[in-house]
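Spelled out, the chains give:
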Amino acid sequence: YEEIDSKENLKKLLTSFPYYEDLYAEFYITYVYESYNVEFYRAYKNGDRYRIESYDMQNNRTQLIICDGKNVSVTNAEGHVKIYSVSEEFSFANQVSLPSFLFYEKSGYVLSEYRINGADYIVKCDFPELCTSDVVHIDVETGALKSARTYLGEKVIMFYDVIEFEAEYAFENDIFAF
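Conventions adopted
- Residues numbered from 1 in each chain as written.
- Predicted model: local features only at pLDDT ≥ 70, side-chain atom pairs only at ≥ 80, totals over all residues.
- Heavy atoms only, no water.
- Core = buried A, V, L, I, M, F, W, Y, C linked by side-chain atoms within 4.5 Å.
- Buried < 20%, exposed > 50% of the residue type's maximum accessible area, 1.4 Å probe, protein only.
- Helix = DSSP H or I, 4+ residues; strand = E, 2+ residues; numbered from the N terminus.
- Contact = heavy atoms within 4.5 Å.
- Pairing = 2+ DSSP bridges.
- Axes fitted to C-alpha atoms, helices over the stretch in contact; angles between N-to-C directions.
- Salt bridge = Lys/Arg side-chain N within 4 Å of Asp/Glu carboxyl O.
- Phe/Tyr/Trp six-rings, centres within 6.5 Å; stacked < 30°, edge-to-face > 60°.

Caption draft 1: Seen up close, the nonpolar core. The biggest cluster of nonpolar side chains holds 27 residues, and the ones touching the most others in it are F27, Y50, I52, V72, F92 and Y160. Judged by nonpolar contacts, the second largest core, of 5 residues, contains Y24, Y44, F171 and F176.

Caption draft 2: Representation of the side chain of S73 in the model. When you line up the elements, S73 lands in strand β5 (residues 71-75). With residues up to four places along the chain from it excluded, the contact list for S73 reads L64, I65, I66, V81, K82, I83 and F178.

Caption draft 3: Inspection of the sheet that holds strand β7 (residues 110-117) at higher detail. Taken together, the 11 strands give an open sheet; going across it, the order is β6-β5-β4-β3-β2-β1-β11-β10-β9-β8-β7, and neighbouring strands pair in antiparallel fashion. On the outer flanks of this sheet lie β6 (81-85) and β7, each paired with one strand and no other. Direction aside, neighbouring strands of the sheet carry axes that sit 15° apart on average. Taken together, the 6 bridges between strand β10 (residues 145-152) and strand β11 (residues 155-167) define a ladder with antiparallel strand orientation. The residue bridging T150 from the neighbouring strand is M158, located in β11.

Caption draft 4: View of the pattern of salt bridges. Going through the model one piece at a time under the given rule, you end up with 8 salt bridges. For R61, the salt bridge is made with D56, and the minimal N-O distance between the two is 3.0 Å. The exposure class assigned to R61 is partly exposed, which follows from its relative accessible area of 43%. Because the salt bridges share partners, they merge into one network encompassing E26, R42, R51 and E53.

Caption draft 5: Representation of the packing of aromatic side chains in the model. Applying the stated rule across the entire model yields 12 aromatic pairs. Aromatic pair F27 and Y41: ring centres 5.1 Å apart, planes at 10°, arrangement stacked. Residue F27 is located in strand β1 (residues 22-31), and its partner Y41 is located in strand β2 (residues 37-46); the two are separated by 14 residues in the primary sequence. Just as F27 is buried, Y41 falls in that class too.

Printed below as a string of structure tokens:
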């Protein structure tokens, strides 16, 4: 991702999310603000189609969301299925839990720090209205998110850790069927 060579180009990358048409990712989100909880996600994206498998460890709850490009199927922990038409509410970005910084332009974030450390771009995005900030590590070579930490003042309130990320993943066609 050689074009991420300046703060302006990084802003363009962040505001173009989801910047991968095809991806497979596994990640954990750990919340430590008022209570402790860990959620695990497995996300597949292929153009307009996506599949999101999630597991909430505190509540021992699973959820499966599948979009075939026209409709979205949401299966809750009890196995109940609801079908919705594709809309902004049911876009990939709105259904997969993502760090707030990815919504840079929409949310009033300010890029306050930007540096390269080895194989990582390290970016700090501040959101003054909420007194929060995200410190984000992005892979220099791929432009993929590696990790993020959300702070409330000086206290970490959320950890976002990518376990696996593959762009241009080879999908089996039935993975987006419901």
